[in-house]
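These are the residues of each chain, in order.
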Amino acid sequence: GTVPRLRRGFEEIGYEATIETKTDAAGLRLAIRLAPFDRVRYFFVRGNWPLRQDEILRQLSLRAGQALPMPGPRRDELLADETERVLGYLRNEGYLDARAAIEIEVGKGVPRPVNLIVRLELGPGYPVGRISAQGNKVVSTEDIDDLFRHGDWRFLWTRPLPFKQSLLREDEAKLKLRYQG
């Protein structure tokens, strides 16, 4: 009908529309109340060392200038989805106990500028444990184990790097090339 199309049209241009229909002697009247959506202004990331802020922000689907749904279940669901995206990235980077929360800081004015603050607690990064291999004839188990070991540059390579999904894939490809070559 007309009312849902009007509501969608206002949403597309950045407004939440409350539409009431009234009938009287003159016919059908629409009372439309508009409220502008809050817009994302800036992103801040806290607690992300040693990861760079841009690596965290790249995981979000929200961008600066984008309209947020009005406060309520839709906004809560959006922020929960964004938090899960960040947590998925952190787990792939070896921070299996990481916690993340996205907070909203609302400014003054209409439409209200909104800053999103991504708060992280990384927890410990887990390194790859001891590797054992069976049936390997071309490459020794010690060489395979050494291939998957990486020192952390922040500690002058005296500590192992946390497990990373991307690094594991690279190491597997190197091992495959070495085994086949």
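See the structure shown above.
About the criteria used
- Residues numbered from 1 in each chain as written.
- Predicted model: local features only at pLDDT ≥ 70, side-chain atom pairs only at ≥ 80, totals over all residues.
- Heavy atoms only, no water.
- Helix = DSSP H or I, 4+ residues; strand = E, 2+ residues; numbered from the N terminus.
- Buried < 20%, exposed > 50% of the residue type's maximum accessible area, 1.4 Å probe, protein only.
- Polar contact = N/O pair within 3.5 Å; in protein donor to acceptor, adjacent residues only side chain to side chain.
- Contact = heavy atoms within 4.5 Å.
- 1 Å grid on protein atoms, 1.4 Å probe; cavity = no way out; pocket = protein on both sides within 12 Å on 5 of 7 lines; lining within 4 Å.
- Points joined across faces, edges and corners; volume = space filled by probe spheres on them.
- Pairing = 2+ DSSP bridges.
- Core = buried A, V, L, I, M, F, W, Y, C linked by side-chain atoms within 4.5 Å.
- Nonpolar A, V, L, I, M, F, W, Y, C, P; charged D, E, K, R; others polar.
- Salt bridge = Lys/Arg side-chain N within 4 Å of Asp/Glu carboxyl O.
- Patch = residues over 30% accessible without salt bridge, like charges linked within 9 Å, V, L, I, M, F, W, Y side chains within 5 Å.
- Areas by Shrake-Rupley, 256 points an atom, 1.4 Å probe, with all protein chains shown as cover.
- Axes fitted to C-alpha atoms, helices over the stretch in contact; angles between N-to-C directions.

Brief notes about the side chain of Asp38
Then, in step 1: Take Asp38: it is sitting in the loop between strand S2 (27-36) and strand S3 (39-46).
Then, in step 2: Judged by its relative accessible area of 3%, Asp38 falls in the buried class.
Then, in step 3: Of note is the side chain of Asp38, whose polar atom sits 2.8 Å from the side chain of Arg75.
Then, in step 4: Sequence-distant contacts of Asp38, defined by excluding residues within four places in its chain, comprise Gln66, Ala67, Leu68, Arg75, Arg112 and Val114.

What to know about the layout of surface pockets
Then, in step 1: There is about 200 Å³ of room inside the largest pocket.
Then, in step 2: Lining the largest pocket are 13 residues; nearest its centre among them are Pro50, Leu51, Trp153, Arg154 and Lys164.

Things to note about the pairing of strand S1 (residues 15-24)
Then, in step 1: Judged from the ten bridges that link them, S1 and S2 form a sheet pairing that is antiparallel. The residue bridging Thr23 from the neighbouring strand is Leu28, located in S2.
Then, in step 2: If you look at the hairpin formed by S1 and S2, you'll find two residues sitting between the two strands.

Things to note about the nonpolar core
Then, in step 1: Residues Ile56, Leu90, Leu116 and Leu120 are the most contacted members of the largest nonpolar core, which totals 22 residues.
Then, in step 2: Breaking this core down by element, the ones donating at least two residues are S3, helix H2 (53-57), helix H3 (73-92) and strand S5 (113-121).
Then, in step 3: Here this core takes five residues from H3, the largest share from any one element.
Then, in step 4: Contacts of Leu116, omitting those with residues within four sequence positions, involve Val40, Tyr42, Phe43, Phe44, Leu62, Leu79, Ile102, Glu103 and Ile104.
Then, in step 5: Core analysis: the next-biggest nonpolar cluster, separate from the first, contains six residues, Ile131, Ile144, Phe148 and Leu175 among them.

Quick look at empty space enclosed by the protein
Then, in step 1: Applying the stated rule across the entire model yields one cavity of 30 Å³ or more.
Then, in step 2: Considering only enclosed or pocket space, the largest cavity measures out at about 120 Å³ in volume.
Then, in step 3: In terms of lining, the largest cavity is formed by 13 residues, of which the most central are Val128, Phe148, His150, Leu161 and Leu167.
Then, in step 4: Counted by class, the lining of the largest cavity contains nine nonpolar, one polar and three charged residues.

Things to note about the pattern of salt bridges
Then, in step 1: For the structure shown, the criterion picks out eleven salt bridges.
Then, in step 2: Across the pair Asp54 and Arg58 runs a salt bridge whose closest N-O atoms are separated by 2.9 Å.
Then, in step 3: The salt bridge involving Asp145 is made with Arg130; its shortest N-O contact spans 2.8 Å. Of this pair, Asp145 sits in helix H4 (residues 141-147) while Arg130 sits in the loop between S5 and H4; the two residues are 15 residues apart in sequence, bridging distant segments of the chain.
Then, in step 4: Since its relative accessible area comes to 67%, Arg130 is described here as exposed.

Quick notes on a nonpolar patch on the surface
Then, in step 1: The grouping of Ile13, Tyr15, Leu28, Leu30, Ile32 and Leu34 at the surface amounts to a nonpolar patch, some 540 Å² of accessible area in total.
Then, in step 2: Residue contributions to the nonpolar patch peak at four residues, all from S2.
Then, in step 3: If you trace the backbone, Leu34 turns up in strand S2.

Regarding the side chain of Asn115
Then, in step 1: Its place among the elements puts Asn115 in strand S5.
Then, in step 2: By relative accessible area, which is 11% here, Asn115 ends up buried.
Then, in step 3: Here Tyr42 takes part through its backbone nitrogen, which lies 3.3 Å from a polar atom of the side chain of Asn115.

Focus: the sheet that holds S5
Then, in step 1: The strand order S3-S5-S4 describes an open sheet built from three strands, whose pairing is mixed. In this open sheet, the two edge strands, each paired with only one partner strand, are S3 and strand S4 (99-106). Strand-to-strand, the axes of this sheet are offset by a mean angle of 20°, without reference to chain direction.
Then, in step 2: Bridging between S3 and S5 involves seven bridges; their strand directions are parallel. Across the sheet, the residue bridging to Val40 is Val114, located in S5.
Then, in step 3: Packing against the sheet, H3 makes contact with S4 and S5, and its axis sits at approximately 140° to S4.

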